[in-house]
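# Reading the structure
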Amino acid sequence: MTVQLDWENLGFEYRKLPLRYISYFKDGKWDEGTLVEDAQLHISESSPALHYGQQAFEGLKAYRTKEGSIQLFRPDENAKRLQRTADRLLMEPVPTEKFIDACKQVVKANADFVPPYGTGGTLYLRPLLIGVGDIIGVKPAEEYLFTVFAMPVGNYFKGGLAPTNFLIQDDYDRAAPNGTGAAKVGGNYAASLLPGKKAKAAGFSDVIYLDPATHTKIEEVGSANFFGITAENEFITPISPSILPSITKYSLLYLAEHRFGMKAIEGDVFVDELDKFTEAGACGTAAVISPIGGVQHGDDFHVFYSETEVGPVTKKLYDELTGIQFGDKEAPEGWIVPVDL
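Here, residues in each chain are numbered from 1, in the same order as that chain's written sequence. With pLDDT at 70 or above as the cut-off, local features in this predicted model cover only qualifying residues; side-chain atom pairs require 80 or more to be listed or tallied, and sums for whole chains, interfaces and linings still use all residues. Based on all heavy atoms of the structure, the side-chain values leave hydrogens and waters out of the count.

Counted as salt bridges are all cases of a side-chain nitrogen of Lys or Arg within 4 Å of a carboxyl oxygen of Asp or Glu. According to the stated counting rule, one finds eleven salt bridges in the structure shown. A salt bridge links Glu-320 to Lys-329; its shortest N-O distance comes to 3.7 Å. For Glu-320, a relative accessible area of 10% corresponds to the buried category. Here the salt bridges share partners, and the residues they tie into one network are Asp-76, Glu-77 and Lys-80. Only protein chains enter the accessibility calculation, which uses a 1.4 Å probe; a residue whose area is less than 20% of its type maximum is buried, one above 50% is exposed, and one in between is partly exposed.

The structure is reproduced here in structure tokens:
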């Protein structure tokens, strides 16, 4: 099968592919799961996922190497994060082996849609776990649906590895203190839609949220984690119980320290101390690394390295990370999982 797509200009949007994986938890156990052609989910109208937000999701990618093989990047970490989210929402967790096998099945079944090496495109996987069944009271579901679907994608932020500007938001919080900020649940993203829309209407790529308790510290971008680089060769990223623990962020923390000898720090990033950063960016599975040119906070507009050029350390980290993901650079042990075709 030959797929004709404009591989270098995919954008980040849904495309229906031939097959996806689906599995049900019922009567105390998961079934074996299967690949299906039907892209519609058939669930009870009273499913807790619809009424009470008992749902979680993940995002990871499959990469085509120069040799034509396909590989996943740290899918075990996505599985663990989904399990932590499931625990937070009293959902039935998906075992790691089942999670990775489902991802491999979907990639193999849709291998023709994995973008060619060198185009910058990837196959984005969206695992989804939802509470289903006939429940109307506020309580956990007794049945669950786990599905994984995929689509070829390009850059999440328009322009790819090019600096864009962000808006630091005081009027809205992404998550509540001691809430579900560290879990990958749809409600966190629903809360970000309105401020995100306002930011984009004002010409910014997205919102940077402050900590919900004091509004003095940067927490994360609406759809990614924040990082800053100092003149003292430090890679700093915020720490907080209401930040989603990004797999990309932790990968960059490791690479900054072990590949480039930087001091890797998870710590407080006070909004009134942005002058100490020579470069800054947003990072995540979808965004990879999006350099931040400048941020608007109230009447102040702060520029980091440049509004038009990528900083050298950001570029170095991006090249190292994507080099590992696409098979051009040696990966730390356990980071790469090949997909047998």
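It is common to report an interface's size as the accessible area lost on association of the parts. Domain start and end points were adopted from an automatic or database domain assignment. Looking at the assigned domains, one finds that the protein contains domain 1 (20–153) and domain 2 (164–324). When each unit is reduced to the centre of its C-alpha atoms, the spacing between domain 1 and domain 2 is 26 Å. Should any heavy atoms of two residues lie within 4.5 Å, those residues are counted as being in contact. Contact residues are listed per partner, giving 18 residues for domain 1 and 20 residues for domain 2. Put simply, buried area is the surface a 1.4 Å probe can reach on two separate parts but cannot reach once they are joined, added for both. Of the roughly 1,400 Å² buried at the junction of domain 1 and domain 2 (both faces included), carbon and sulfur atoms supply 61%. Area buried by domain 1 at its contact with domain 2 is led by Phe-57, Phe-73 and Arg-81, which between them contribute 39% of it. Summed over the shared surface of domain 1 and domain 2, the number is zero salt bridges. Contacts described as polar in this section are N or O atom pairs within 3.5 Å, which, within protein, must combine one atom able to donate a hydrogen with one able to accept it, while residues neighboring in sequence count only if both atoms come from side chains. At the surface where domain 1 touches domain 2, the tally comes to eight residue pairs in polar contact (both at pLDDT 80 or more). Runs of E in the DSSP output that reach at least two residues are strands. Runs of H or I that reach at least four are helices, and both are numbered from the N terminus. Among the secondary structure elements, those contributing two or more residues to the side of domain 1 that touches domain 2 are β4 (55–57), β5 (60–64), β6 (70–73) and α2 (75–88). Per-element tally for the side of domain 1 that touches domain 2: the top contributor is α2, with six residues.

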